[in-house]
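Spelled out, the chains give:
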Amino acid sequence: MAQLVAGFGVPHTPIFPHFVKRDGPDCEIAKLFGAQKNDLAAVRPDIIVMFDTDHLNTFFLDNLPIFAIGVDGSFKAPNDEPRDVPSYVVRSVPDLASHIRSTAVEAGFDLAMVQQFSVDHSITVPLHFLTPDMHIPVIPIFISGHVPPLPSARRCYALGQAVARAIETWPGSQRVAIMGSGSFSLEVGGPRMAPGRTDGVPDPDWCARVIRLLEQQQIDTLMDEATPRQMFKAGNVGGELLNWIAMMGAIGNRKPNYVAPQMQNGHAYGVWRWS
Amino acid sequence: MSIFNVNYLCREILRDHAFRAAMKADPAKALAGKDLTDEERDAMVTGDVGKLFRMGANAFLMNYLARFEVCGLDMMKYNERMRAEKVDEQGRPAA
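What you see is a predicted model; the values in this text were computed from it and never measured.

**Student:** Mind laying out the overall build of chain B, listing which residues take part and the relevant values?
**Tutor:** Per the secondary structure count, chain B includes 7 helices and 0 strands. The helix and strand sequence of chain B, counted from the amino end, reads α-α-α-α-α-α-α. Relative to its length of 95 residues, chain B is compact, with a C-alpha radius of gyration of 12 Å against a globular reference of 12 Å. Overall, chain B is about 40 × 30 × 20 Å in size when its C-alpha atoms are taken along their principal axes. Per-residue burial for chain B yields a buried fraction of 49% across its 95 residues. Here chain B has roughly 4700 Å² of accessible surface; of this, 50% comes from carbon and sulfur atoms. A distance of 4 Å separates the average location of the 15 positive side-chain charges in chain B from that of its 15 negative side-chain charges.

In structure tokens form, the structure reads like this:
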């Protein structure tokens, strides 16, 4: 049976590749992603399953699923021109993706199927730093985290559990790492931007609270507190926390090796390893 | 519900490089044939993103107007105009 080997929580700020190119390998961003890259290499994953919120690029307001999964042999990345990010073709695993979809639908999670697709910076930027040669295939699972109504935190956690059951019943010996992509408190392009910036962190206390609850394995408390109201209070992309919660559902409520905050961006870098 | 078209056209500035160039050159001309109300068209042409936000346009998508510097906007002007908007606890336009 395929095996879950680690969980990762990752940011995806689209300007970060440019900052690292400009500032070099000793800058904070390069070091934080570099540590995660080492952890990822150490668990030797054969496949990455990534929970992500598309920024109205793969989908749009004309057709916006709450949950969806990419089922194809590969996909193109990125489709939204983040600075200093090359064009990648990322391999995927359509037979496992199809199995995850079937298992999830049987469990009551109606995952829309996506084929012949591209993804935006929210998947590409973390892969750019963690698997720059794109040697590990990636299955993206999309959670609608920006446009109300948001799915509940508990439903996303349960989706993660269903995905884990699908992986653990897959007849293969692959090692699978789970990722959740996104911020805890962030406003992009909206009235709560900081002066002179394109974004802002409206609720730094919530960001700190999320990190503390993850560190203390207080996932039930986190899900109680992560209401749509609280997530939008934390910014117009605050619902990206749901990707981390789905990741936690998949790996189980484990203690992290670390959750390294980057408070000025309202996000963190998390690693959960057990094998 | 032509605010959908405002949102759609904001994303087209990212997607369609010919439309991006047309919007940079002459937004009134680029938007002339588009299915918008006069109020929406006028707000887009003048870069009145605060008004568009109150009309229901998506802030993340409007950010492309600033990123690609169309309709007289740049990052600073966009930032100032959006930050002047009053919002409720969840960041929606205040009633």
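**Student:** Outline the interface of chain A and chain B, listing residues and values.
**Tutor:** Where interface size is given, it is often the accessible area lost as the parts come together that is meant. Listed as interface residues are 29 residues of chain A and, on the opposing side, 28 residues of chain B. Summing both sides of the interface, chain A and chain B together bury roughly 2300 Å²; the carbon and sulfur share of this comes to 58%. Looking at the side of chain A facing chain B, the largest losses of area belong to Phe60(A), Glu81(A) and Pro191(A), adding up to 27% of the total buried there. For the pair chain A and chain B, the interface holds 2 salt bridges. Residue Arg20(B) pairs with Glu81(A) through a salt bridge whose shortest N-O separation is 2.9 Å. Summed over the shared surface of chain A and chain B, the number is 14 residue pairs in polar contact (both at pLDDT 80 or more). Per-element accounting of the side of chain A that touches chain B gives the leading share, 4 residues, to helix H8 (residues 228-233) of chain A. Here the side of chain A that touches chain B is composed, by residue class, of 12 nonpolar, 10 polar and 7 charged.

**Student:** Which residues make up helix H2 (residues 28-42) of chain A, and what values go with them?
**Tutor:** Residues and elements named next belong to chain A. Look at H2: 21 Å from first C-alpha to last across 15 residues, which is about the 21 Å you get at 1.5 Å a residue. Among the residues of H2, those classed as buried are Ile-29, Ala-30, Leu-32, Phe-33, Gln-36, Asp-39 and Leu-40. One or two steps after H2, the chain reaches Arg-44, where phi turns positive at roughly 45°.

**Student:** Account for helix H4 (residues 121-130) of chain A, naming residues and giving values.
**Tutor:** Within H4(A), 10 of the 10 residues are buried, which leaves it mostly tucked inside the rest of the structure. Among the residues of H4(A), His121(A), Ser122(A), Ile123(A), Thr124(A), Val125(A), Pro126(A), Leu127(A), His128(A), Phe129(A) and Leu130(A) are the ones counted as buried.

**Student:** Pulling in residues and values, what's your account of the sheet that holds strand E8 (residues 175-181) of chain A?
**Tutor:** Residues and elements named next belong to chain A. Taken together, the 8 strands give an open sheet; going across it, the order is E6-E3-E7-E2-E8-E1-E12-E11, and neighbouring strands pair in mixed fashion. Because the sheet does not close on itself, it has two edges, and the strands there are strand E6 (112-114) and strand E11 (258-262). Taken over all neighbouring pairs, the strand axes of this sheet differ in orientation by 20° on average, direction set aside. Pairing between E11 and strand E12 (residues 267-273): 5 bridges, direction antiparallel. Its bridge partner being in E12, Pro-261 is matched across the sheet by Ala-268. In this fold H2 packs onto strand E1 (3-10), strand E2 (47-52), E8, E11 and E12, with an angle of close to 20° to the strand it touches most, E12.

**Student:** Hey, could you go over the side chain of Ser144(A) for me, with residue numbers and the actual values?
**Tutor:** Mapped onto the elements of the fold, Ser144(A) is located in the loop between strand E7 (138-143) and helix H5 (153-168). When neighbours within four sequence positions are excluded, Ser144(A) is seen to be in contact with Leu64(A), Pro65(A), Ile66(A), Leu150(A), Pro151(A) and Leu242(A).

**Student:** Talk me through the pairing of E7(A); I want residue IDs and the actual numbers.
**Tutor:** Residues and elements named next belong to chain A. E7 sits mainly inside the fold: 6 of its 6 residues count as buried. Sheet topology note: the E2/E7 ladder contains 5 bridges and is parallel. Following the sheet pairing, Val-49 is matched in E7 by Ile-139.

**Student:** I'd like a rundown of the packing of aromatic side chains, residues and numbers included.
**Tutor:** Here the structure, examined in full by the defined rule, presents 14 aromatic pairs over all chains. Between Phe33(A) and Phe129(A), the aromatic rings sit 4.4 Å apart at their centres with planes inclined by 10°, giving stacked as the arrangement. Of this pair, Phe33(A) sits in helix H2 while Phe129(A) sits in helix H4; the two residues are 96 residues apart in sequence, bridging distant segments of the chain. In this structure Phe129(A) comes out as buried when scored by relative accessible area, which is 11%. Summarising the aromatic geometry, the rings of Phe4(B) and Tyr8(B) are spaced 6.2 Å apart at their centres and angled 15° between planes, so their arrangement reads as stacked. Of this pair, Phe4(B) and Tyr8(B) both sit in helix H1 (residues 3-15), 4 residues apart, roughly one helical turn.

**Student:** Which residues make up the pattern of salt bridges, and what values go with them?
**Tutor:** All names here are of chain A. Tallying each qualifying case throughout the model produces 14 salt bridges over all chains. Between Arg-154 and Asp-224 there is a salt bridge, with its nearest N and O atoms 2.6 Å apart. Of the two residues, Arg-154 is situated in helix H5 and Asp-224 in helix H7 (residues 219-225); the sequence distance between them amounts to 70 residues. By sharing partners, the salt bridges in this structure join Arg-154, Asp-220 and Asp-224 into a single network.

**Student:** Account for the nonpolar core, naming residues and giving values.
**Tutor:** Residue and element names in this part refer to chain A. In this structure, Val-49, Phe-51, Ile-100, Ile-178 and Leu-241 are the most contacted members of the largest nonpolar core, which totals 57 residues. In this structure, Val-49 is in contact with Ile-100, Ile-139, Ile-141, Val-163, Ile-167, Val-176, Ala-177, Ile-178 and Met-179, ignoring residues within four places of it in sequence. Counting 39 residues, the second-largest nonpolar core is a separate cluster that includes Cys-27, Leu-40, Val-90 and Phe-117.

**Student:** I'd like to hear about the packing of H1(B) against helix H6 (residues 59-67) of chain B, residue by residue, with values.
**Tutor:** All names here are of chain B. The geometry of H1 relative to H6 is characterised by a closest axis approach of 8 Å and an angle of 45° between their N-to-C directions. Relative to H6, the element H1 lies oblique. For the pair H1 and H6, the crossing hand works out as left-handed. Here Asn-7, Cys-10, Arg-11, Ile-13 and Leu-14 of H1 lie close against H6, whose contacting residues are Leu-61, Met-62, Tyr-64, Leu-65 and Arg-67. Residues of the contact of H1 with H6, tallied by class, amount to 7 nonpolar, 1 polar and 2 charged.

Cut-off values and rules
- Residues numbered from 1 in each chain as written.
- Chains lettered and ligands numbered in written order.
- Predicted model: local features only at pLDDT ≥ 70, side-chain atom pairs only at ≥ 80, totals over all residues.
- Heavy atoms only, no water.
- Helix = DSSP H or I, 4+ residues; strand = E, 2+ residues; numbered from the N terminus.
- Rg over C-alpha atoms; globule rule 2.2 N^0.38 Å.
- Buried < 20%, exposed > 50% of the residue type's maximum accessible area, 1.4 Å probe, protein only.
- Areas by Shrake-Rupley, 256 points an atom, 1.4 Å probe, with all protein chains shown as cover.
- Lys, Arg positive; Asp, Glu negative; His and termini not counted.
- Charge placed at Lys NZ, Arg CZ, Asp CG, Glu CD.
- Contact = heavy atoms within 4.5 Å.
- Buried area = accessible area lost by both parts, 1.4 Å probe.
- Salt bridge = Lys/Arg side-chain N within 4 Å of Asp/Glu carboxyl O.
- Polar contact = N/O pair within 3.5 Å; in protein donor to acceptor, adjacent residues only side chain to side chain.
- Nonpolar A, V, L, I, M, F, W, Y, C, P; charged D, E, K, R; others polar.
- Expected span 1.5 Å × (residues − 1).
- Pairing = 2+ DSSP bridges.
- Axes fitted to C-alpha atoms, helices over the stretch in contact; angles between N-to-C directions.
- Phe/Tyr/Trp six-rings, centres within 6.5 Å; stacked < 30°, edge-to-face > 60°.
- Core = buried A, V, L, I, M, F, W, Y, C linked by side-chain atoms within 4.5 Å.
- Parallel < 35°, antiparallel > 145°, perpendicular 65-115°, else oblique.
- Left-handed = near helix turned anticlockwise from the far one by under 90°.

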